[in-house]
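The residues making up each chain are set out below.
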Amino acid sequence: MRTHDKHVLMCTGPRCTPDGQGSEAMFLHLGRTIDACEGLRAKRTRSHCFAVCKEGPVMVVYPDGVWYRKVSEADVERIVCQHLKDGSPVEELIFHKTGIGDIETEPQA
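These numbers were taken from a predicted model, which means no experiment stands behind them.

Grouped together as the largest cluster of nonpolar side chains are 21 residues, with contacts concentrated most on Leu30, Met59, Tyr68, Val71 and Leu84. Sorting the residues of this core by element identifies β1 (6–11), α1 (21–35), β3 (59–62), β4 (66–68) and α2 (73–85) as the ones contributing at least two each. For Met59, the contacting residues outside a window of four places in its chain are Val8, Leu9, Met10, Leu30, Val66, Trp67, Tyr68, Val71, Val76 and Ile79. Grouped together as the second largest cluster of nonpolar side chains are 7 residues, Cys16, Val60, Trp67 and Phe95 included.

Right, let's get into the environment of Val71. Within the secondary structure layout, Val71 lies in the loop between β4 and α2. Separated by 13 residues in sequence, Val71 and Val58 have C-alpha atoms that sit 6.7 Å apart. Each residue touching Val71, except ones within four places of it in the same chain, is listed here: Met10, Met26, Pro57, Met59, Val76 and Ile79.

On to the sheet that holds strand β2 (residues 42–47). Judged by pairing direction, the sheet is mixed, and its 6 strands sit side by side in the order β2-β1-β3-β4-β5-β6 without closing on themselves. A single partner strand is all that each edge strand has here, and the edge strands are β2 and β6 (101–102). Relative to β4, β3 is paired through 3 bridges, and the arrangement is antiparallel. Looking across to β4, one finds that Val61 is bridged to Val66. Here α1 sits on the sheet in contact with β1, β2 and β3, set at roughly 170° to β2. In the packing of α2 onto the sheet, the strands contacted are β1, β2, β3 and β4, and the crossing angle to β3 comes to about 10°.

A few words on the side chain of His83. Here His83 lies in helix α2. Dropping the residues within four chain positions of it, His83 is found in contact with Lys6, Val61, Asp64, Val66, Tyr68, Arg78, Ser88 and Pro89.

To continue, consider the environment of Ser23. Topologically, Ser23 is positioned in helix α1. Those residues in contact with Ser23 that lie beyond four places of it in its chain are Met10, Cys11, Thr12, Gly13, Cys16, Thr17 and Pro57.

Take the packing of aromatic side chains next. All chains considered together, the criterion is met by 2 aromatic pairs. Ring centres 6.2 Å apart and planes at 85° place the aromatic pair Trp67 and Phe95 in the edge-to-face group. Placement of Trp67 in strand β4 and of Phe95 in strand β5 (residues 94–97) is noted, with a sequence separation of 28 residues between them. Look at Trp67 and you get buried, because its relative accessible area is 15%. Members of the aromatic cluster, joined through ring pairs, are Phe50, Trp67 and Phe95. Over the face of the ring belonging to Phe27 we find Arg44, whose NZ or CZ atom lies 4.1 Å from the ring centre.

Let us look at the pattern of salt bridges. Oppositely charged side chains can pair when the atoms bearing their charge come close. Applying the stated criterion across every chain, the model contains 7 salt bridges. Linking Arg41 and Asp5 is a salt bridge whose minimum nitrogen-to-oxygen distance equals 2.8 Å. Taken as a pair, Arg41 in the loop between α1 and β2 and Asp5 in the segment before β1 lie far apart in primary sequence, 36 residues in all. Of the charged contacts, one joins Lys70 and Glu55 as a salt bridge, the two residues approaching to 4.0 Å between their closest N and O atoms. Here the residue Lys70 occupies a position in the loop between β4 and α2, and Glu55 occupies one in the loop between β2 and β3, the gap between them amounting to 15 residues. Where salt bridges share partners, they join Glu55, Arg69 and Lys70 into one cluster.

Quick notes on the rules
Residues numbered from 1 in each chain as written. Predicted model: local features only at pLDDT ≥ 70, side-chain atom pairs only at ≥ 80, totals over all residues. Heavy atoms only, no water. Core = buried A, V, L, I, M, F, W, Y, C linked by side-chain atoms within 4.5 Å. Buried < 20%, exposed > 50% of the residue type's maximum accessible area, 1.4 Å probe, protein only. Helix = DSSP H or I, 4+ residues; strand = E, 2+ residues; numbered from the N terminus. Contact = heavy atoms within 4.5 Å. Pairing = 2+ DSSP bridges. Axes fitted to C-alpha atoms, helices over the stretch in contact; angles between N-to-C directions. Phe/Tyr/Trp six-rings, centres within 6.5 Å; stacked < 30°, edge-to-face > 60°. Lys NZ or Arg CZ within 6 Å of the ring centre and 35° of its normal. Salt bridge = Lys/Arg side-chain N within 4 Å of Asp/Glu carboxyl O.

Quick look at the structure:
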């Protein structure tokens, strides 16, 4: 197992995207993005379901307890660079924080 400071869990369906295909593709993109970031100490793991159906792909970053939903490829790249690498969660993409609950965010344009 790779040494890691952050653990990213991503739901890969099957209900969060049609047949889970979109979530699986995003999971693979997450892996490529993490691997391209030299020295990043992050591990990713597939999860079957977070019970937030139709909000996927859903990513959770631990130990931070930060939940992101409906992540796109651009969101994944931003989360990896800003949150995993630089330690600053992407606040406008967060919908839930462990210990706090759901976060109200402005709809994305």
